[in-house]
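Observations on the three-dimensional arrangement
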Amino acid sequence: MSTVLDWVREVLHVTDTAILVYFLFINTSYLVLIVLATVEFVHHLRRVPLSGFEETYRSPLTQPTSVLVPAHNEEAGIVESVHAMLALRYPVFEVVIIDDGSTDATFDRLAAEFDLVEVPRVVPDSVPTRGAVLSVHVPRLRPDPLVVVRKAGGGKTDALNVGINVARHPLVCMVDADSILDPQALLSVAKPFADDPLRVVAAGGVVRIANGCTVVAGRIVDTRMPRTWLPRIQVVEYLRAFLLGRTGWSRLGGLLVISGAFGIFRRDLLVEIGGLDHDTIGEDAELVVRLHRHLRHLKRDYRIVFVAEPVSWSEAPDSLAVLARQRRRWHRGLAEVLAKHRAVIGNPRYGRIGLVALPYYLVFEFLAPLVELAGPVLVPLGLAVGAVDLGFAWRFLLVAYGYAMLINLIALAVEEYSFHRYSRWRDLGAAVVASVVENLGYRQLTAFWRVQGTWSALTGAKHVWGEMTRTGFVGRRS
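Remember, it's a predicted structure, so these values are computed and weren't measured experimentally.

What counts, and at which threshold
- Per chain, the residues get numbers from 1 upward, laid out in the order the sequence is written.
- Only residues with pLDDT of 70 or above have their local features reported here, since the model is predicted, and side-chain atom pairs are shown and tallied only from 80 upward, although totals for entire chains, interfaces and linings are computed over all residues.
- Based on all heavy atoms of the structure, the side-chain values leave hydrogens and waters out of the count.
- A helix here means a DSSP run of H or I that spans at least four residues, while a strand means a run of E at least two residues long, and both kinds are numbered starting from the N terminus.
- A simple rule labels every residue: compare its accessible area, found with a 1.4 Å probe on the protein chains alone, to the largest value its type can have, and call it buried under 20%, exposed over 50%, or partly exposed in between.
- Note on contacts: a residue pair is in contact if any heavy atoms of the two residues lie within 4.5 Å.
- Axes here mean lines fitted to C-alpha atoms, for a helix over just the part in contact, with angles spanning 0 to 180 degrees between N-to-C directions.
- Should the near helix be turned anticlockwise from the far one by less than a right angle, the crossing is left-handed, and should it be turned clockwise, the crossing is right-handed.
- Each patch is built from residues lacking any salt bridge and having more than 30% relative accessible area; the joining distance is 9 Å for like charges and 5 Å for nonpolar side chains (Val, Leu, Ile, Met, Phe, Trp, Tyr).
- Surface accessibility follows the Shrake-Rupley procedure with a 1.4 Å probe radius. Residue values consider only the protein chains on display as shielding.
- Whenever a carboxyl oxygen of Asp or Glu lies within 4 Å of a side-chain nitrogen of Lys or Arg, that contact is scored as a salt bridge.
- Here the term charged refers only to Asp, Glu, Lys and Arg, the term nonpolar to Ala, Val, Leu, Ile, Met, Phe, Trp, Tyr, Cys and Pro, and the term polar to all other amino acids, Gly among them.
- For two strands to be treated as a pair, DSSP must find at least two bridges joining them.

If you trace the backbone, Leu-428 turns up in helix H14 (residues 425-459). Residue classification places Leu-428 among the partly exposed positions, given a relative accessible area of 23%. Residues Leu-428 and Ile-304, 124 residues apart in the sequence, show an inter-C-alpha distance of 32 Å. When near neighbours in sequence (up to four residues on either side) are disregarded, Leu-428 contacts Glu-416 and Tyr-422.

The next thing to look at is the packing of helix H13 (residues 390-418) against H14. Where H13 meets H14, the closest approach of the two axes is 10 Å, and the angle between their N-to-C directions is 145°. The way H13 lies across H14 gives a crossing that is right-handed. In contact with Ala-400, Tyr-401, Ala-404, Met-405, Asn-408, Leu-409, Leu-412 and Glu-416 of H13, H14 contributes Leu-428, Ala-431, Val-432, Ser-435, Val-436, Glu-438, Asn-439, Leu-440, Arg-443 and Gln-444.

Next up on the list: a nonpolar patch on the surface. Together, Trp-229, Val-433, Val-436, Val-437 and Leu-440 make up an exposed nonpolar region whose accessible area comes to about 410 Å². Take the nonpolar patch: its biggest share by element is four residues, from H14. Among the structural elements, Trp-229 can be located in helix H7 (residues 229-252).

Viewed as axis vectors pointing N to C, helix H9 (residues 283-297) and helix H11 (residues 351-366) meet at an angle of 145°, and their least axial separation amounts to 9 Å. Residues Val-289, His-292 and Arg-296 of H9 pack against Gly-351, Arg-352, Ile-353 and Leu-358 of H11. Taken together, the residues of the contact of H9 with H11 break down into three nonpolar, two polar and two charged.

Before going further, it helps to spend a moment on the pattern of salt bridges. A complete count under the given rule lists 25 salt bridges for this structure. Measuring nitrogen to oxygen at the nearest pair gives 2.7 Å for the salt bridge that ties Glu-40 to Arg-251. Taken as a pair, Glu-40 in helix H1 (residues 2-47) and Arg-251 in helix H7 lie far apart in primary sequence, 211 residues in all. The salt bridge partner of Arg-199 is Asp-196, with a shortest N-O separation of 3.0 Å. Overall, the relative accessible area of 31% leaves Arg-199 in the partly exposed class. The exposure class of Asp-196 is buried, given its relative accessible area of 14%. The structure contains a network of salt bridges with shared partners spanning Asp-196, Arg-199, Asp-301 and Arg-303.

This part covers the pairing of strand E4 (residues 133-139). For strand E3 (residues 116-119) and E4, the ladder comprises four bridges, and the chain directions are antiparallel. Following the sheet pairing, Val-119 is matched in E4 by Val-136. In the sheet, E4 pairs with strand E5 (residues 146-151) via four bridges, with the strands oriented antiparallel. What sits directly across from Ser-135, in E5, is Arg-150.

Pasting the structure below:
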């Protein structure tokens, strides 16, 4: 019996030490990405006075862009969102709304607001699609560059592929239907294509949380932190993971994720690789990884970049049920992307994508929820059986949670210095508190949902385009 107990103690000691080292490495990796992002922000702020946005706007060489907006049961905010997109400051663009089998009043609201009429239009089959196109509509008399496509339900990926087929311009920008874009957002995110037209093939923009903000006529006119804690924590999470994390990866040349909520691509390359993958729920990340793989296979010189200044505002989940569906879907998507492109992981043929970026996502993103859940269980168990001492337990708390809180606070400081989006002390105070609260239950809960997402990927459970309950944007605070 004593031998068995000694063996258990030894296993727990080794496991707990490995978990401690894992947390040390993952938090340090976040810090490294934040440092890289900070360097990028410093360079960005120095370039702002000489950015030349006015010249880009007036230049005949600025490439026209098609803004693709897949919509499924988005009646709450679709009209305000479309108004914001039509008011974007960009020389030549069109907005293509793809109504993917909506069963609510999404199309009816668009038809009433923009006086839509059906037009005969042949939609090419440049990339594969599944749901049949039912009709194409444009405004009757208004000069808005708006096209609304109605199609049979086929999911977000199929809607975007239909949008690619409908698009008339060389660049396509994918935007979620619940998004509100800043007036300069499209011009900013498209600028890398003007600055480096031969190499830039895709660019991603920042997605921020609109909960709590006031929207008037499709514009964010008052930026505030959300009033409830669940969206507040997500604000901090988005700053660390999306703004700073992706900026850091962009500087390393290893950006793997351009959010489907706001990303722009060369249409010819999307056609070349067959559009978005119907069989992957994380279609946005899979598309970027496939672009990397395709272009490296052809030995092309290219760049995929993340631009920190353009902003798309999106409504974050404000209930645990909706957040759970979102995180299960995200992690399942990650699992499917890693499985599909497993041949690239560790393969020197694909440079830093194969040797750095994908291995990082495998070890520190895909496996992270398992460690997040194992740590709070195994460390107290090791303490109970004498496998670890109280000093180790304190070190674990400091490294796993204290270090993480420090990373959040550093991320907030960098964001506040660089962009100063929240001007009220009350909002900054709420963000600081949210940085602490995130580690006290929220991380563990999202880790559990992410493990469920992994399990659904392993078991091959059927996935659908999950719905999120919207409250809409108009003059509301949430």
